[in-house]
Amino acid sequence: MNKYLRWSFRQLYLFFFWPTQFSRESEGAEGDRLVDRLGVRLLHMLKLLPWMIALAVFVNGIRAVQPYRGAFFSTDALLFLVLCVASGLAFGMLFGLMSGVTFVLASVLAGSMFSLVLDTRAGVIVAGIAGGLIGGALRSVNFVVANCIAIFGSSVVAVLMKGGNMDIRVVTYILVFILAPFGIVGEIAGGAVGDAPRNKVFAWMSVGLAFLFGVIIFSQYGFAVGSATGITFVTLFGLIYFRSLTYPFNAALAAATYYAGRQHPQRLWKAWRWCPVAWNEVAWLPLPFLSKFLVLMVRRDRGEGFKQLAFIAAERKLQRRAVIAALIEIVINDLKADSLGSLSDVTERLNWTTGAPAELPEELITTLPRFDRVAQHVGQYLTLNSPYRRTEALGRALNEIEVLQRFIVVGRGRHAARLLQVANEWRRLLDEESEKVKALPRAMREIPNPFMYGNAVVETEHNVFAGRRDVVRQIEASLLGAAQAPTLLLQGPRRMGKTSILNQLPRLLGPDFAPAVVDCQNPAVTGSEATLLRYLSRALSEGLRRRRVPVEGLSAQQLAREPYAVFDEWLEKVERAMPSGMRALLCLDEYERLQAALEAGWGGPFLDALRHTFQHRPRVVLMFTGAHTFQELGPAWTDRFISARRMRVSFLGREDVELLLTRPIPEFDMTYAPGALDAMVAATNCHPFLTQAVAFELVQLLNEGQRREATTADVGEAVGRALVSGDAYFVNVWGDAGAGGQAILRALAAGEPPPDLPAARAWLREHDVIGADGDFAVEMMRRWVAARTSPAQRVME
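First, a word on what this report is: a plain description of the structure on this page. (Residues numbered from 1 in each chain as written. Predicted model: local features only at pLDDT ≥ 70, side-chain atom pairs only at ≥ 80, totals over all residues. Heavy atoms only, no water.)

### Points about the overall build of the protein chain
If you tally the helices and strands in the protein chain, you get 39 helices and seven strands. Considering only residue pairs separated by 6 or more positions, the protein chain has 72% of its internal contacts joining residues 24 or more positions apart. If you sum the accessible surface of the protein chain, you get close to 37,900 Å²; carbon and sulfur atoms cover 59% of it. (Helix = DSSP H or I, 4+ residues; strand = E, 2+ residues; numbered from the N terminus. Contact = heavy atoms within 4.5 Å. Areas by Shrake-Rupley, 256 points an atom, 1.4 Å probe, with all protein chains shown as cover.)

Take a look at the structure:
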């Protein structure tokens, strides 16, 4: 008995305060068929049968007693009571009556007030109609049907008790019965208890019913009674359905638990268990201090606090607004920082926002990534060892925060002012750190090292890009003034800076050209014709977008059928979209990778379509870049691009190298002793990659010794370091040279006459490994080959 009472009391608690959990427990999870679920629900209802009978008798007893003012045992009252109890038990238990008792109670109390106002038997009938109609409309389809049957039966019995007179009330009952199924719409639209769309449906339904009943009562009893009936119905419906009667208690309890948890942090979680939102699902109105309580819990224990936030967001949907308010406050608190170390930790502190239990406002969604970028730059600044790289990271953080401040100022939102305060505080911290860096004595600052090797120089790093004006002039000469621009081939050995040239084209060519670089090493290039054409269209659209020409690339669906025709039509749209005088330059970098498409069988038709398309599109120019000529790749290329203009990329000029080594960036303050620059040029012969590699190692060497002047000996040591750090480049050249080329290089390094291998010698000259005089073109290559072919090295190998 005790076990049943505990179980039943829990069910009643869930029923009145947590109806969605009650539905889950009563329906169970056994079986997917409707019959199985109804069977489980029926068994659950049968266990609650004693309580159902008690509640039905109590509620319907009140509804029957009030109109008769003590005539409880009259025949009509008892007959109506039996009818209500029987219909409620019969149909309600079959179709889930218990799930709607909370709402039925509200309608019953409203109907009881009608009875008190009217003081007639009509009040009993109206109460029955109101109770069944509203209760049914607020619950599931089955419950609507059950109550409609009960309403109709009750109405017929009541009319017969009056003597069978079919007056206007009969028409009213029938109309109400017909309108009742419209409650189904509210149930389907709403879903779980507390869903906002359904709440609106119910609110409008209550107003409509109040108007209907007011008209009915007005027609029977006059304006005063009809108005009182409508007002009473709406008032009671709102008070009961929205739990307004218990709100003062819930509000006081919420405030008391918050203050108790704030004053006694050790009892915070105990106080939370008494907060209404922790145990009451149907508290509609805002509870005071709830969002502050949630923030307090997260501060106390982030893991448990976010667990409770997720619980409320999922199980207390009526209070999601408090969850969102708490999340906003947590975000702003996490953004606050009083030092650079705390600022750099923001990235970790904001990790939870990617899986927030509720959707954050739009202004936070757009600004948080920008705050995160600033924090990441600061984190990089704090972890880097090179002072120059640290200064770069700090500068990027300052640029990001400036952009963020402007973005917040022009943006809109309730929280923009607080976000701007945080951004201003971050800016103050960064400005203070920047001033400290500038105030360091010159002797304590390292030489900035802008040199790089291994990666292409991007457009924004134009200060460390030297020369190549000759290549730019050749491109301009090929494009400007030509009615039909030829296909271009930018060819040169590896590591000569071809990709760096492509990256600089938007700056070097000016606004009348829209360069678009396609990296042919991307797997999409050799996937299929459609994926390659889609990749080309996206690259072109991105290049045009940089010139303020908005053009969308092609999608996979557009290229699914007849991809070449679709691509050609798209290029026609591109030409129409470009301003007069502008040309698009499509650059296929590392074009040799397209050889895989030829081997796959579809490369030949692709090259044919490419040549044909660009021949008929004079404002869209095609450029290939690679280490090989078309002749080296064979007739598949020479036959199609026989008229292509080749532009060779080779060593830099002496003047360009001297400018690069002495003034790569404005703050570069390293100097060279007499003969140091000559030694570097002699070692690298102005090879772009090797010049950058030796210069990088030279700056590193001087910083280690805390010196600012490079000597000839320093250059020699830097060359030795570059031979080690750039070993991959030399290995690559050595492997590409083949057996014949290796034999020639080995002989030259040993000072012996090289073998007579014309083809190998021609390849070495074409790739700038040896010069026109037949000797090594770069001294560093000689040193590397000599070291590799030495007896000691051969023993090690």
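After that view of the structure, there is still more to cover.
### Examining the pattern of salt bridges
Inspection of the entire model under this criterion finds 25 salt bridges. Here Glu 766 and Arg 646 are joined by a salt bridge, their closest N and O atoms 2.2 Å apart. Here the residue Glu 766 occupies a position in helix α37 (residues 758-766), and Arg 646 occupies one in strand β5 (residues 645-648), the gap between them amounting to 120 residues. Judged by relative accessible area, Glu 766 falls into the partly exposed class, the value being 22%. Among the charged side chains, a network of salt bridges with common partners joins Asp 568, Glu 572, Glu 575, Arg 576 and Arg 617. (Salt bridge = Lys/Arg side-chain N within 4 Å of Asp/Glu carboxyl O. Buried < 20%, exposed > 50% of the residue type's maximum accessible area, 1.4 Å probe, protein only.)

### What to know about helix α33 (residues 676-684)
Within the span of α33, buried status applies to Ala 676, Leu 677, Met 680, Val 681, Ala 683 and Thr 684. What you see down the axis of α33 is that its buried residues fit within an arc of 165°, all on one side. The secondary structure elements touched by the buried residues of α33 are α32 (654-662), β6 (671-672), α34 (688-704), β7 (709-710), α35 (712-725) and α38 (779-788). Of the residues flanking the end of α33, it is Asn 685, one or two places downstream, whose phi is positive at about 55°. (Arc of directions from axis to C-beta.)

### A closer look at the pairing of strand β2 (residues 513-519)
The buried fraction of β2 amounts to five of the seven residues, a majority that puts the element mostly inside the structure. Pairing between β2 and strand β3 (residues 583-589): seven bridges, direction parallel. Each bridged residue has a counterpart across the sheet, and for Ala 516 the counterpart in β3 is Leu 586. (Pairing = 2+ DSSP bridges.)

### A word on the sheet that holds β2
Sheet architecture is open: five strands sit in the order β2-β3-β4-β1-β5, paired in parallel fashion. A strand with exactly one partner marks an edge of an open sheet, and here the two such strands are β2 and β5. Taken pair by pair, the neighbouring strands of this sheet meet at an average axis angle of 20°, ignoring direction. The pairing of strand β1 (residues 488-491) with strand β4 (residues 620-626) spans four bridges and is parallel. Pairing of Leu 490 across the sheet is with Thr 625, part of β4. Running over the sheet, helix α26 (residues 529-546) touches β2 and β3 and is turned about 145° from β2. (Axes fitted to C-alpha atoms, helices over the stretch in contact; angles between N-to-C directions.)

### A word on the nonpolar core
Residues Trp 272, Leu 294, Leu 309, Leu 335, Phe 371, Trp 426 and Leu 430 are the most contacted members of the largest nonpolar core, which totals 57 residues. Top contributing element to this core by residue count: helix α18 (residues 320-335), with nine residues. Excluding anything up to four places from it in sequence, Trp 272 contacts Val 277, Ala 278, Leu 290, Phe 293, Leu 294, Met 297, Gln 308 and Ile 312. Core analysis: the second largest hydrophobic core is formed by 51 residues, Cys 686, Tyr 729, Ala 760 and Val 769 among them. (Core = buried A, V, L, I, M, F, W, Y, C linked by side-chain atoms within 4.5 Å.)

### Some details on the packing of α32 against α33
Axis separation between α32 and α33 bottoms out at 11 Å; the angle between their running directions is 120°. Taken as axis vectors, α32 and α33 run oblique relative to one another. When the axes of α32 and α33 are compared, the crossing they make is right-handed. Residues Arg 654, Val 657, Leu 661 and Thr 662 of α32 form the contact with α33, whose participating residues are Leu 677, Asp 678, Met 680 and Val 681. Looking at side-chain class alone, the contact of α32 with α33 contains five nonpolar, one polar and two charged residues. (Parallel < 35°, antiparallel > 145°, perpendicular 65-115°, else oblique. Left-handed = near helix turned anticlockwise from the far one by under 90°. Nonpolar A, V, L, I, M, F, W, Y, C, P; charged D, E, K, R; others polar.)

### Quick notes on the packing of aromatic side chains
This structure, assessed with the given rule, holds 24 aromatic pairs. With a centroid separation of 5.2 Å and 5° between ring planes, the pair formed by Tyr 258 and Phe 289 is classed as stacked. Residue Tyr 258 is located in helix α13 (residues 247-263), and its partner Phe 289 is located in the loop between α15 (276-279) and α16 (290-300); the two are separated by 31 residues in the primary sequence. By relative accessible area, Tyr 258 is classed as buried at 7%. Phe 289 sits in the partly exposed class, given a relative accessible area of 28%. (Phe/Tyr/Trp six-rings, centres within 6.5 Å; stacked < 30°, edge-to-face > 60°.)

### Comments concerning the side chain of Glu 575
Structurally, the position occupied by Glu 575 is in helix α27 (residues 563-577). Discounting chain neighbours no more than four positions away, the residues touching Glu 575 are Arg 617, Pro 618, Arg 619 and Val 620.

### What about unusual backbone geometry?
At Phe 289, a position not held by glycine, the phi torsion is positive, near 65°. One non-glycine residue, Asn 685, lies in the positive phi region at around 55°. Mapped onto the secondary structure, Asn 685 falls in the loop between α33 and α34. Asn 685 gets classed as partly exposed once you look at its relative accessible area, which sits at 32%.

### Focus on the environment of Glu 392
You can see Glu 392 is positioned in helix α22 (residues 387-410). Exposure remark for Glu 392: the relative accessible area of 25% places this residue in the partly exposed category. Along the chain, Glu 392 and Pro 448 lie 56 residues apart, while their C-alpha atoms are 9.6 Å from each other.

### Quick word on α38
Taken as a whole, α38 has its buried residues at Met 780, Met 781, Trp 784 and Val 785. Angular distribution of buried residues about the axis of α38 spans 135°; they occupy a single face of the element.

### What about the packing of α33 against α35?
Viewed as axis vectors pointing N to C, α33 and α35 meet at an angle of 25°, and their least axial separation amounts to 8 Å. In terms of their interaxial angle, α33 and α35 are classed as roughly parallel. Considering the relative orientation of α33 and α35, their crossing is right-handed. Of the residues in α35, those touching α33 at Ala 676, Ala 679, Met 680 and Ala 683 are Thr 712, Val 715 and Val 719. When its residues are assigned to classes, the contact of α33 with α35 shows six nonpolar, one polar and no charged.

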